[in-house]
Amino acid sequence: DDDEEEYADATLKCERVCRDGSARWGSTEYSAAAQDQDGPLLLVFFAYLKGQRVKVLVDSGASDIFVSEACAKRCKLTVRCGPAMRVPLADGSVKTTGSVAYSKFTARTTTGTYSESSMAMRVLPLGIAVDMVLGGKWLRSLSPITLDYEGHGSVSFSDRRKGGGTERVTIS
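Residues numbered from 1 in each chain as written. Predicted model: local features only at pLDDT ≥ 70, side-chain atom pairs only at ≥ 80, totals over all residues. Heavy atoms only, no water.

Moving on, we come to the state of the cysteines. A complete count under the given rule lists 0 disulfides for this structure. Here Cys71 is not cross-linked by a disulfide; its sulfur's nearest cysteine counterpart is in Cys75, at 3.8 Å. Judged by relative accessible area, which is 0%, Cys71 ranks as buried. (Disulfide = S-S within 2.5 Å. Buried < 20%, exposed > 50% of the residue type's maximum accessible area, 1.4 Å probe, protein only.)

With that settled, the discussion passes to unusual backbone geometry. In this structure, Pro144 follows Ser143 across a cis peptide bond, with omega equal to 0°. Positionally, Pro144 belongs in the loop between α3 (136–141) and β13 (145–148). One non-glycine residue, Lys50, lies in the positive phi region at around 50°. Relative to the elements of secondary structure, Lys50 occurs in the loop between β6 (43–49) and β7 (52–58). Of note in this structure, Lys76 is not a glycine but carries a positive phi near 55°. Turning to its location among the elements, Lys76 is positioned in the loop between α2 (69–74) and β9 (78–88). Judged by relative accessible area, Lys76 falls into the exposed class, the value being 65%. (Helix = DSSP H or I, 4+ residues; strand = E, 2+ residues; numbered from the N terminus.)

As a further point, take the nonpolar core. Within the largest apolar cluster, 29 residues are counted, with the highest numbers of intra-cluster contacts made by Leu49, Val67, Phe105, Met132 and Trp138. Formed by 10 residues, the second largest nonpolar core is a distinct cluster that contains Val44, Leu57, Phe66 and Val87. (Core = buried A, V, L, I, M, F, W, Y, C linked by side-chain atoms within 4.5 Å.)

Moving on: the confidence of the model for the chain. With 72% of its residues at a pLDDT of 70 or more, the chain shows a mean pLDDT of 75. Low pLDDT, under 50, characterises residues 1–33; the predicted model gives this stretch 55 contacts beyond four residues in sequence or across chains. (pLDDT = per-residue confidence, 0-100. Contact = heavy atoms within 4.5 Å.)

What follows deals with the packing of aromatic side chains. Under the definition given, this model contains 2 aromatic pairs. Taking the centre distance of 5.0 Å and the plane angle of 80° together, the rings of Tyr114 and Phe157 count as edge-to-face. Taken together, the residues Tyr114 in strand β11 (residues 113–124) and Phe157 in strand β14 (residues 154–160) connect sequence positions 43 residues apart. When its relative accessible area of 3% is taken as the criterion, Tyr114 is described as buried. Take Phe157: its relative accessible area is 0%, and that puts it in the buried class. Where Trp138 meets Phe157, the ring centres are 6.0 Å apart and the plane angle is 80°; that geometry is what we call edge-to-face. Taken together, the positions of Trp138 in helix α3 and Phe157 in strand β14 put the pair 19 residues apart, joining distant regions of the chain. Counting every residue linked through ring pairs, the aromatic cluster contains Tyr114, Trp138 and Phe157. In this structure, Arg53 packs its charged tip against the face of Phe46, placed 3.7 Å from the ring centre. (Phe/Tyr/Trp six-rings, centres within 6.5 Å; stacked < 30°, edge-to-face > 60°. Lys NZ or Arg CZ within 6 Å of the ring centre and 35° of its normal.)

In this section: the pattern of salt bridges. Within the structure shown, the criterion is met by 3 salt bridges. Of the charged contacts, one joins Arg122 and Asp64 as a salt bridge, the two residues approaching to 3.9 Å between their closest N and O atoms. Of this pair, Arg122 sits in strand β11 while Asp64 sits in the loop between β7 and β8 (65–68), and the two are 58 residues apart along the sequence. Each member of the pair, Arg122 together with Asp64, is buried. The partner of Asp64 in a salt bridge is Lys137, with the nearest N and O atoms 3.9 Å apart. Here the residue Asp64 occupies a position in the loop between β7 and β8, and Lys137 occupies one in helix α3, the gap between them amounting to 73 residues. (Salt bridge = Lys/Arg side-chain N within 4 Å of Asp/Glu carboxyl O.)

Here you go:
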């Protein structure tokens, strides 16, 4: 444990890595799990599934929206059988899932809150220090989007409001 934490500290050049995978720089905690001297390398933020706080990775290389098995259990998500899907992971392994979880998804934004009433997520043992991965399916549904790696990182898009019109939303 100490060797892993020391390695992470040296790699991330931060004061310490918290148990939840966030990085602590000086006295401020940021949600970015990996950062170098120029800013975040990953876009990670905290959101809520059924009122439970979850750590979310935005990954344009992922095909779908995924939730870890552990998170689905912890948040008591409704899980149903769906079509089987083979998912190649970044470490080269391939997982198969046929389970789909449904939940309200809420994230704080710079101007309030963004939510989806019933987000469908593939249930998968993620094997990384996040609870959810928002991939291409989510990003495409909000297109056009801006992934900003300045500062602490953010995702911006236009949210379509009931009754027409849009509002620019930024999650960071």
